[in-house]
Amino acid sequence: ATPLEVVNLSYEYAPGKNALQGATFRVERGEAVGIVGPSGAGKSTLAQLLLGVRRPTHGELLVSGTPLNDIDHAWWAKRVTFVPQDARLLTGSAAENIRFFRDHIDDAAVRDAAAKAHILDDLEKLPQGLDSHLGERGGRLSGGQRQRLAIARALAGRPEILILDEPTSSLDAVSERLIRQTLSELKGETTILIIAHRLSTLKFCDRIMVVERGKITSLGAPQTVQKES
Ligand code: ADP
Ligand code: ADP
C-alpha cells in the first residue's frame, strides 16, 4: 500500500478561514517531495497534519491504507520524525549528541554503506574548531552544525518518513550543501518531505509541490516547476 495518502485534506484555524483546502496527493516509499510556496500558504499546517499533531477539519490521511485516526499515535510518532526550522532544542552536549548518533548509526535507516560512510564523515568534521566546547550544550555550535546534528539525531530513530521544515533557511552555503547531500543519500531508503524557501535546496527531490493560499497548485517533477524567488 502507499505509505502516505492524503485525500481532500482541509484545515481551518477558525471557521471559514482555510489554512489548507482540498489537498490530495500520495507519496511513495523512499520518495523525496519538496514543498514550496509563499509565507502563510499552509506548508507548516500541512506538515502538522501529516505529523498528526493537528487533526484535519475535513478529509482523510491514510497511512498504508489505514486512516491516521485509527492508528495508535505512539506507533505513528515512531515512524515519522520532524526536523524543525531552527534546532534550538538540542539537549545535552555536542559530544553526547555525536556519541549518541555514532552508537546508533547501525540501527539508522541508512543501509547503503557509502551513504553511511558519508554521514559519519560529515559527523566527524562537525567538531572541527569546537574541541574546547564539545562538553558544552548545543548553544556553542553554529546553526549549520546544530541542524546537521538534529538531522543525525532524527535518523538515529530510524524514521520511515522524515519531515523537515525549512531546515537550511538560516544556514551558510557549506552547511546547506552538506544537508542536501545527506538527504539525497537518504532518499530511496527514507521517505522525505521537505519544506524550503528556495527551489535550489530541493534539487535532489523527485517531485516538487507548490502550495499557494492553502491549495496545492502544482505537483510534479522539479523541471515542471516555474522558477520563483
Ligand atoms: P512560518 O512563516 O515559518 O510558517 P509563521 O511566522 O507563519 O512561520 O508562524 C510562526 C508561528 O506562529 C507558528 O507556530 C504558527 O502556527 C503561528 N501562527 C502563524 N500565523 C498565526 C495566526 N494568524 N494566528 C496565530 N498563530 C499563528
Ligand atoms: P506557511 O507554513 O506556508 O508559512 P502556515 O501553515 O504557517 O503557512 O499558515 C497558513 C495560514 O494559517 C496562514 O494564514 C497563517 O496565518 C494561519 N495560521 C497558521 N498557524 C495558525 C495558528 N496557530 N492560528 C491561527 N492561524 C494560523
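As annotated in an unreviewed UniProt entry, the protein carries the name ABC transporter ATP-binding protein and is attributed to Knoellia sinensis KCTC 19936.

All right, on to the sheet that holds strand 1 (residues 4-14) then. Ordered in space as 2-1-4-5, the four strands form an open sheet in which the pairing is antiparallel. Where the open sheet ends on each side, the last strands, each with one partner, are strand 2 (17-27) and strand 5 (66-67). Pairing of strand 4 (residues 58-63) with strand 5 involves two bridges; the strand directions are antiparallel. Paired with Leu62 across the two strands is Pro67, which belongs to strand 5.

The next point concerns the sheet that holds strand 7 (residues 161-165). Taken in spatial order, the six strands line up as 6-7-8-3-9-10 in an open sheet, and their pairing is mixed. Looking at which strands have only one partner, the edges of the open sheet turn out to be strand 6 (80-83) and strand 10 (215-220). For this sheet, the mean inter-axis angle between neighbouring strands, taken without regard to orientation, is 15 degrees. Taken together, the four bridges between strand 3 (residues 32-36) and strand 8 (residues 191-195) define a ladder with parallel strand orientation. Looking at strand 8, one finds that Ala32 is bridged to Ile192.

Core analysis: the biggest nonpolar cluster contains 28 residues, and Leu4 and Leu193 have the highest contact counts within it. If one sorts the elements of this core by residue count, helix 1 (residues 43-51) sits on top with five residues. Beyond its immediate stretch of four places on either side in the chain, Leu193 contacts Leu4, Val27, Val33, Ile35, Leu50, Ile161, Leu162, Ile163 and Leu164. With 23 residues, the next largest nonpolar core counts Ala32, Ala150, Leu155 and Leu162 among its residues.

Moving on to the site of ligand 2. All residues in the neighbourhood of ligand 2 are listed as Tyr13, Ala19, Pro38, Ser39, Gly40, Ala41, Gly42, Lys43, Ser44, Thr45 and Arg54. Separating a nitrogen atom of ligand 2 from a side-chain N or O atom of Tyr13 is a distance of 3.4 Å. A distance of 2.6 Å separates an oxygen atom of ligand 2 from a polar atom in the backbone of Gly40. Burial of ligand 2 by the surrounding chains reaches 55%, relative to a free accessible area of 550 Å². Sort the elements by how many residues they give to the shell around ligand 2 and helix 1 lands first, with three residues. Classifying every residue of the shell around ligand 2 gives four nonpolar, five polar and two charged.

About the thresholds
- Residues numbered from 1 in each chain as written.
- Chains lettered and ligands numbered in written order.
- Predicted model: local features only at pLDDT ≥ 70, side-chain atom pairs only at ≥ 80, totals over all residues.
- Heavy atoms only, no water.
- Pairing = 2+ DSSP bridges.
- Helix = DSSP H or I, 4+ residues; strand = E, 2+ residues; numbered from the N terminus.
- Axes fitted to C-alpha atoms, helices over the stretch in contact; angles between N-to-C directions.
- Core = buried A, V, L, I, M, F, W, Y, C linked by side-chain atoms within 4.5 Å.
- Buried < 20%, exposed > 50% of the residue type's maximum accessible area, 1.4 Å probe, protein only.
- Contact = heavy atoms within 4.5 Å.
- Near = heavy atom within 4 Å.
- Polar contact = N/O pair within 3.5 Å; in protein donor to acceptor, adjacent residues only side chain to side chain.
- Areas by Shrake-Rupley, 256 points an atom, 1.4 Å probe, with all protein chains shown as cover.
- Nonpolar A, V, L, I, M, F, W, Y, C, P; charged D, E, K, R; others polar.

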